[in-house]
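One letter stands for each residue in the lines below.
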Amino acid sequence: MSTVRRTCTGRGVFIGASAVPVAYGACVPRSTPAASPDPDRPGRPPARSGARGANGGADADVVEVRRSPRRRRTVTAYREMGRTVVLIPAAFSPAEERRWVAQMVAKLQTREERRRRALGGDDALMARARELSAAHLDGAAEPASVRWVDNQHRRWGSCTPADRSIRLSSRLQSMPEYVVDYVLVHELVHLLEPGHDERFWALVARYPRAERARGFLEGVEMANTAGEAAAGGPDPVD
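A. Representation of the sheet that holds strand β7 (residues 157–160). Reading across from one edge, β6-β8-β7 is the order of the three strands in this open sheet, with mixed pairing throughout. This sheet does not close on itself; its edge strands, each paired only once, are β6 (145–149) and β7. Averaged over all pairs of adjacent strands, the angle between their axes in this sheet comes to 20°, without regard to strand direction. Across five bridges, the pairing between β6 and strand β8 (residues 165–169) is parallel. When the sheet's bridge partners are listed, Trp 148 is paired in β8 with Leu 168.

Right, dumping it as structure tokens:
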């Protein structure tokens, strides 16, 4: 049983929502990337803007359906603040809504499962970290452990230089691999430079797709922050 929140939107503005339980035959796993500013998390250099994640703590089975009069035929679905958001045309009938929600949720699950298999477990993550260190940091960053964790809701990754351990939020498992690589590089550099000074960002910039990955993460953060504010929730604060 999934909880469905229906929302009407006009010109992209969230107007309101109501929640009623509707069985769509597909549960939504808790895998939403969310975000909020945090200086200790992968983001832009201080001169620009920081980037960090914040989990909205929403129910894992919540599907929010947003109807828009500007949308004619296309249907879009994505994860936001711990829930699945499905954007549909306002003219869709209840039957069309049910069919498309089930289809889009299933598609998201399949895509995320594919990404999880590609990223692998902790051993694969450690191997990837070593490859990235060799490729971009001359092998100077040598982690003792690299693992996925489920309890980092306000960070994409973290590093403890004292024991050379790195942890990546499992929320990243639903994101493109180049974004995961960027977060790994960010945390690997912390093994060499604990702070976020000029040298730190110069080392991070050795990863060729750093700028693109930061833009991706900032987009996620902005979308999640806007979604929470529209729903009347608290602003994410670290």
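B. The packing of aromatic side chains, seen in detail. Per the counting criterion, the structure on display carries three aromatic pairs. Each ring, one from Phe 92 and one from Trp 100, has its centre 6.5 Å from the other, and the planes form 25°; the classification is stacked. Look at Phe 92 and you get buried, because its relative accessible area is 13%. By relative accessible area, which is 21% here, Trp 100 ends up partly exposed. Centre to centre, the rings of Phe 200 and Trp 201 are 5.1 Å apart; their planes meet at 90°, and the pair counts as edge-to-face. For Trp 201, a relative accessible area of 9% translates into the label buried. Sitting above the plane of the Tyr 178 ring, Arg 209 keeps its charged end 4.3 Å from the centroid. In this arrangement the basic side chain of Arg 212 is found over the ring face of Tyr 178, its NZ or CZ atom lying 4.5 Å from the centre.

C. Region of the structure containing the environment of Val 75. Within the secondary structure layout, Val 75 lies in the loop between β3 (62–68) and β4 (76–80). Here the alpha-carbon distance between Val 75 and Val 86, two residues eleven residues apart in the chain, equals 7.1 Å. Not counting the four nearest positions on each side in its chain, Val 75 is found in contact with Val 86, Leu 87, Ile 88, Pro 89, Phe 92, Trp 100 and Met 104.

D. Local environment of unusual backbone geometry. Of note in this structure, Asp 138 is not a glycine but carries a positive phi near 55°. Examined against the element boundaries, Asp 138 turns out to sit in the loop between α2 (122–136) and β6. You can call Asp 138 exposed: its relative accessible area is 66%.

Conventions we followed
- Residues numbered from 1 in each chain as written.
- Predicted model: local features only at pLDDT ≥ 70, side-chain atom pairs only at ≥ 80, totals over all residues.
- Heavy atoms only, no water.
- Pairing = 2+ DSSP bridges.
- Helix = DSSP H or I, 4+ residues; strand = E, 2+ residues; numbered from the N terminus.
- Axes fitted to C-alpha atoms, helices over the stretch in contact; angles between N-to-C directions.
- Phe/Tyr/Trp six-rings, centres within 6.5 Å; stacked < 30°, edge-to-face > 60°.
- Buried < 20%, exposed > 50% of the residue type's maximum accessible area, 1.4 Å probe, protein only.
- Lys NZ or Arg CZ within 6 Å of the ring centre and 35° of its normal.
- Contact = heavy atoms within 4.5 Å.

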